[in-house]
Amino acid sequence: MPEFTFAIESLKSIRYSLVELLRDSPNSTHVLKQKCELDAAIAVLKLCAAHGIHGKATVRQLPMTKTRSPSSEYRIVEDNESDDPYCWTVLVVNDEPVRASSSTLLVDPL
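Residues numbered from 1 in each chain as written. Predicted model: local features only at pLDDT ≥ 70, side-chain atom pairs only at ≥ 80, totals over all residues. Heavy atoms only, no water.

**Section: helix H1 (residues 5-24)**
Link 1 in the chain: Between its first and last C-alpha, H1 extends 29 Å over 20 residues, near the 28 Å set by a 1.5 Å rise per residue.
Link 2 in the chain: Within H1 the residues assigned to the buried category are Ile8, Leu11, Leu18, Val19 and Leu22. Burial along H1 is one-sided: seen end-on, the buried residues are contained in an arc of 110 degrees. Residues of H1 that are exposed and point more than 90 degrees away from the buried face comprise Phe6, Tyr16, Arg23 and Asp24.
Link 3 in the chain: Buried residues along H1 sit against helix H2 (29-51). (Helix = DSSP H or I, 4+ residues; strand = E, 2+ residues; numbered from the N terminus. Expected span 1.5 Å × (residues − 1). Buried < 20%, exposed > 50% of the residue type's maximum accessible area, 1.4 Å probe, protein only. Arc of directions from axis to C-beta. Contact = heavy atoms within 4.5 Å.)

**A few points about the environment of Val98**
Link 1 in the chain: Tracing the backbone shows Val98 in the loop between strand S6 (96-97) and strand S7 (99-100).
Link 2 in the chain: For Val98, a relative accessible area of 21% gives the class partly exposed.
Link 3 in the chain: With 23 residues separating them along the chain, Val98 and Arg75 place their C-alpha atoms 6.4 Å apart.
Link 4 in the chain: Residues in contact with Val98, not counting those within four places in the same chain, are Tyr74, Arg75, Ile76, Leu91 and Val93.

**Quick word on the side chain of Ser82**
Link 1 in the chain: As for its placement among the helices and strands, Ser82 is situated in the loop between strand S3 (77-78) and strand S4 (89-90).
Link 2 in the chain: Classification of Ser82 by relative accessible area gives buried; the value is 17%.
Link 3 in the chain: Among residues more than four places away in sequence, those in contact with Ser82 are Cys87 and Trp88.

**Some thoughts on the nonpolar core**
Link 1 in the chain: The biggest cluster of nonpolar side chains holds 8 residues, and these are Ile8, Leu11, Leu18, Leu22, Val31, Leu38, Ile42 and Leu45.
Link 2 in the chain: Listing elements by their share of this core, those giving two or more residues are H1 and H2.
Link 3 in the chain: Not counting residues within four places of it along the chain, the set of residues in contact with Leu22 comprises Ser28, Val31, Leu32 and Lys35. (Core = buried A, V, L, I, M, F, W, Y, C linked by side-chain atoms within 4.5 Å.)

**Let's talk about the environment of Leu62**
Link 1 in the chain: Here Leu62 is to be found in the loop between strand S1 (58-61) and strand S2 (74-75).
Link 2 in the chain: As a C-alpha pair, Leu62 and Arg23 span 39 residues in sequence and 44 Å in three-dimensional space.
Link 3 in the chain: If sequence neighbours within four positions are ignored, Leu62 has contacts with Tyr74, Ala100, Ser101, Ser102, Thr104 and Leu106.

Pasting the structure below:
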């Protein structure tokens, strides 16, 4: 499972330097933009580390639904070892059925 400890700590060090620059020049939009970019990169690495995702993970974006209406959606089901859709059960997490849209990414961390 990737931890990205070195990368995260390195980015935090650079971020600290940018924060120091911002103290001296609080109106520097360029430095603020760089700091915000580092914040986002650190957050992404932490998210990936928390879920065991590394650079070779497979990512797929769901295609547009065949039915082009706002109420059409994907549902994630368990097939219960059956090809009969009547035997399938909808995946429920935190008492809510899991739904997906065409913008949903499926990540296989490998």
